[in-house]
Amino acid sequence: MQISEELVRQIILDVLKQEQGEGKPAKRQDEQVPPLSFKELGPAKTGTDRNEVVIGVPPAFGTHMTKTIIDIPHREVLKELFAGIEEEGVKARLVRVNRTADVGAVAHDAAVLSGSGIGIGILCRGTTVIHQRDLEILQNLELFPQSPLVDKDALRAIGRNAAKYAKGEHPSPVPTRNDPMARPKYQGLAALLHNKETQYVKPGAPSTELSVQL
Amino acid sequence: MAKRQKRFLVLADRPVNKDGFIKEWIDVGLVAMDSPNDPKPSIKIENGVVVELDGKRREDFDMIDTFIADHCVDKSVAQEAMAIDSLKFARMLVDINCPRSELVRLSVGLTPAKVVSILRELNVVELMMAMQKLRSRKTPMNQAHVTNLKDSAPLLAADAAEAAYRGFAEIETTVGVVRYAPMNAMSLLVGGQTGRPGVLAQCAVEEALELSMGMRGLTHYAETVSVYGTEQVFVDGDDTPWSKSFLASAYASRGLKMRYTSGTGSEVQMGYAEGKSMLYLEVRCIMVTKGAGVQGLQNGSISCIGVPGSVPGGIKTVLAENVATVLMNLEVASGNDQTFTHSIERNTARMLMQFLPGTDFIFSGYAAEPNYDNMFAGSTHDVDDYDDYLVLQRDLQVDGGLIPVTEEGVIAVRNKAARALQAVFDELGLPAITDEEVELATYAHGTKDIGDRNVPEDLRAIDEFMKRGGTGLDVVRALAKRGFKDIAESVLRMQIGKVAGDYLQTSAVYTEKFEVLSAINDPNDYEGPGTGYRLQGERWEKLKNIPQAIDPKDI
């Protein structure tokens, strides 16, 4: 039997709604988050400013997809990351990584473009990595693999820590969180969201410099 | 609905309804074992070269097809094996009169689509029968996860000791913070040998670091060398079947046991399943493993279990992939290592699929810590399930690899392991483990019961240890100097084992006397009732004697 993507999504959302119980308003599928208005500034360039952190986002971020797996609008995601970085007196630069939606690769591409060598990669659903250009792609400085646990506080702290690494400091890593029940609840949905996200990947395409009005 | 039926309200609140279920979505491969996009079995061989595999001509092969055709398929048995009707082959899998050796001989003549078409003929009970008959090592065993949320070294050492003492043959750690890896590995090295000499330990992190730790003697084996069933997912992992084979050889050349990891659902999870069923793609992984000459595989969906777990027939498929692995004469570490449900019923039912027939490692990670401390994102069973598990073994007379223990015994090994690690840290100039930390780790349930260590200080110190070329021998020296002669001896014996290399054989583990037990000297000889592994004699006496059972003599 063939089922449309829309229908599968609806089923999952219904299951999630049930799970949230009667007390809480089930807001996720009702609230459509509008896309962000990005300005594309041409091919991304390698920075020379050692006082910057580059944030890399995958192709569908803020455009075809607009919120994380726990419904944080992508606008808020960027606001928190920017704020965290700027709190440490470091500049943030945004690039779209078009060639992949693999979080390690997105983060590493960002790090390679960064004047400080420090980059953040974040997927549409919220999975995040802080990377450094001299590390292997599958290594990282800090990894936040469970997207349902990446909330606003975590995002702000991730921005702050990335900035501290850029300044050559050795920050305490953002406290690791763990929810053993995230998988049964969210993994099917995460697979679905990732399949959607990868449809927009353009293999071999260069990254794009972005500006955005938050 | 305006008015809810009260039974439905109760049902809606049941844990099982917190799980995510998905109807099949075939276009992207959200389907367990039967997709219309799966190829039909076929093979053509010309001049000793496979020129057609499962309906695809050689010039159209992707790199996985090429690798399987050139390195897994045995051209001398392919025609014979492929000519056997799939249903007939399926019956041979469960026929006690058809020996394992015959099936293993034929297995390398099969193509991926053929294996899938055979497995589709079996129901779950038949799959369990096939597993009982086909697993590589006669004696079933078990692997534990030893991790915690704070990467606390003394707690890791204590937990490793308890896990080894309770009977786990292998223990595996990973990290919250990547740079902690060598310190976590060291904690398991010391703790594991304290709990039971000969236990194998590993630290699952990024592959280059993992290999480096193995070569330095901080670990004994590795299993998180991942392979995938589609080319794009391989490429996303920055790898090919050849680069993975190279890595496998690197481990083997240094005397380190290793197995690959794969599992249903990973390709669709990563967005590139090409519309194929999860089982078809997984069988390709199994055949890549066989082709690489690697002795074993961790599969059973593993970290993607939420994906097959959400579609119809998914948990049956997970057993089917384990069976395909042992059919290829590989060691299997059969999953059960990741939470996939809120429902205790589903959880136990899923585990029985491997527990009842027995596998080389029933769990490829039973949580030897409370699940909140499990840094593999939670296992199906944790420390709070120990007694349930021991009772299941006793109820069903099944050897699940764990032995009943006493509280006094556990306290003693936990304390000794934490003290031993304290001494090692002191000798190696690592940040001190205080007496209070030893005491807290000894009696802790999990990290909620212990304090915080100074993380940046720990990281700086272990970085420095690695930079100055620290190895397992430094640990041996420190233990010996500080009076932990028995642990020093065990840690050293494990290093000697790497030079001998005997534990590189399929399904190998060490006994507490450092004898290797593997598919070579402990081969599975199951051929029906009265044969194969039987839980009896001394072992059954040990397993049935749980401390909480009342002794009639005492009343």
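Conventions used here
Residues numbered from 1 in each chain as written. Chains lettered and ligands numbered in written order. Predicted model: local features only at pLDDT ≥ 70, side-chain atom pairs only at ≥ 80, totals over all residues. Heavy atoms only, no water. Helix = DSSP H or I, 4+ residues; strand = E, 2+ residues; numbered from the N terminus. Buried < 20%, exposed > 50% of the residue type's maximum accessible area, 1.4 Å probe, protein only. Contact = heavy atoms within 4.5 Å. Pairing = 2+ DSSP bridges. Axes fitted to C-alpha atoms, helices over the stretch in contact; angles between N-to-C directions. Buried area = accessible area lost by both parts, 1.4 Å probe. Salt bridge = Lys/Arg side-chain N within 4 Å of Asp/Glu carboxyl O. Polar contact = N/O pair within 3.5 Å; in protein donor to acceptor, adjacent residues only side chain to side chain. Arc of directions from axis to C-beta. Disulfide = S-S within 2.5 Å.

1. Regarding the overall build of chain A
Looking only at helices and strands, one finds five helices and seven strands in chain A. Each helix and strand of chain A, placed in order from N terminus to C terminus, yields the pattern α-β-β-α-β-α-β-β-β-α-α-β. A burial count over chain A gives 61% of its 214 residues as buried. Pairs at least 24 residues apart make up 73% of the contacts formed inside chain A by residues separated by at least 6 positions.

2. Digging into the sheet that holds strand β9 (residues 296-298) of chain B
All names here are of chain B. The four strands lie next to each other as β7-β8-β9-β10, forming an open sheet whose pairing is parallel. One side of each edge strand has no neighbouring strand; the edge strands of this open sheet are β7 (221-226) and β10 (331-333). Strand-to-strand twist of the sheet, defined as the mean angle between neighbouring strand axes without regard to direction, takes the value 30°. Where β7 and strand β8 (residues 257-261) come together, four bridges link them in parallel fashion.

3. Some details on the environment of L479 of chain B
Looking at the element boundaries, L479 of chain B is found in helix α21 (residues 472-481). Discounting residues that sit within four places of it in the chain, L479 of chain B has contacts with V190, A420, V424, F484, K485, I487, A488 and V491 of chain B.

4. Quick look at the interface of chain A and chain B
At the junction of the two partners, chain A supplies 37 residues and chain B supplies 50 residues. The junction of chain A with chain B conceals about 3800 Å² of combined surface from both sides, 57% of it contributed by carbon and sulfur atoms. At the junction of chain A with chain B, the criterion picks out zero salt bridges. Between chain A and chain B we count 11 residue pairs in polar contact (both at pLDDT 80 or more) in total.

5. Overview of helix α5 (residues 100-107) of chain B
The periodicity of an α-helix, 3.6 residues per turn, causes residues three or four positions apart to be oriented the same way. Residues and elements named next belong to chain B. Every buried residue belonging to α5 is among R100, L103, V104, L106 and S107, and all of these are buried. Taken down its axis, α5 places every buried residue within 165° of arc, on the same side. Where α5 is buried, its residues touch α3 (75-83), α4 (86-94), α7 (124-134) and α15 (314-327).

6. Description of the state of the cysteines
Residues and elements named next belong to chain B. Using the criterion set out here, one finds zero disulfides over all chains in the structure. With no disulfide of its own, C98 lies 19 Å from the sulfur of C72, the closest cysteine sulfur. For C98, a relative accessible area of 9% puts it in the buried group. Here C304 stays unpaired: no disulfide links it, and the sulfur of C285, its closest cysteine neighbor, is 11 Å away.

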